[in-house]
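Listed below are the residues making up each chain.
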Amino acid sequence: MNSGSTIVANIRKGLVRNADTHLFCGRETSFRPQPGLINTKMGNPHPVGRICPVCKVTHAQSEAAHAYVPDRAKVERIADFVIRGKQVALYCFCNPEPCHCDRIKEAVDKLVQEKTEF
Ligand SMILES: [Zn+2]
Ligand SMILES: [Zn+2]
């Protein structure tokens, strides 16, 4: 069975047509429910343009994205979707700007590779 893949998308553009699994990864306060969209509660605790409560500095967009470390258990769950052949879309509000979803995608892609290669 072929693995699926992950893509990072902007929720403002609506759900990606050819994705099977739609995961909202923005902050919970920005989640607007819609059919098929799952709230992963993987929002980035590092904000852009105001003092970060974690780092006590103000992050630029790419810094905030790079400061994010995805939760391993959630990365495992997303990787399982991909290994089962699903096309998984990760949504936030940043794409095509740098986004913490890029970190999630990297972690998922790496794990899928580790789990599927000999
Ligand atoms: Zn921070
Ligand atoms: Zn984002």
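Up top you'll find the structure we're talking about.
Note that the structure is predicted; figures quoted are calculated from it, not measured. (Residues numbered from 1 in each chain as written. Chains lettered and ligands numbered in written order. Predicted model: local features only at pLDDT ≥ 70, side-chain atom pairs only at ≥ 80, totals over all residues.)

Caption draft 1: Summary view of the pairing of strand S2 (residues 21-24). Where S2 and strand S4 (residues 87-92) come together, four bridges link them in parallel fashion. Each residue of the ladder has a partner; that of leucine 23, found in S4, is leucine 90. Strand direction decides the pairing type here: S2 and strand S3 (residues 37-39), joined by three bridges, are parallel. Considered in S3, the bridge of histidine 22 is made with leucine 37. (Pairing = 2+ DSSP bridges. Helix = DSSP H or I, 4+ residues; strand = E, 2+ residues; numbered from the N terminus.)

Caption draft 2: Representation of the sheet that holds S3 in the model. Strand order across the open sheet formed by four strands is S1-S4-S2-S3, with parallel pairing between neighbours. Every other strand in the sheet has two partners, leaving strand S1 (5-10) and S3 as the edge strands with one partner each. Neighbour-to-neighbour, the strand axes of the sheet open up by a mean angle of 30°, direction not taken into account. Sitting on the sheet, helix H3 (residues 100-116) is in contact with S1 and S4, with an inclination near 175° to S1. (Axes fitted to C-alpha atoms, helices over the stretch in contact; angles between N-to-C directions. Contact = placed C-beta atoms within 7 Å.)

Caption draft 3: Seen up close, the nonpolar core. Ranked by size, the top nonpolar core spans 26 residues in total, and within it Leu23, Cys25, Leu90, Tyr91, Ile104 and Val108 carry the most contacts. When residues of this core are traced back to their parent elements, those giving at least two are S1, S2, helix H1 (61-67), helix H2 (72-83), S4 and H3. (Core = buried A, V, L, I, M, F, W, Y, C linked by C-beta atoms within 7 Å. Buried ≥ 20, exposed ≤ 12 C-beta atoms within 10 Å, placed from the backbone.)

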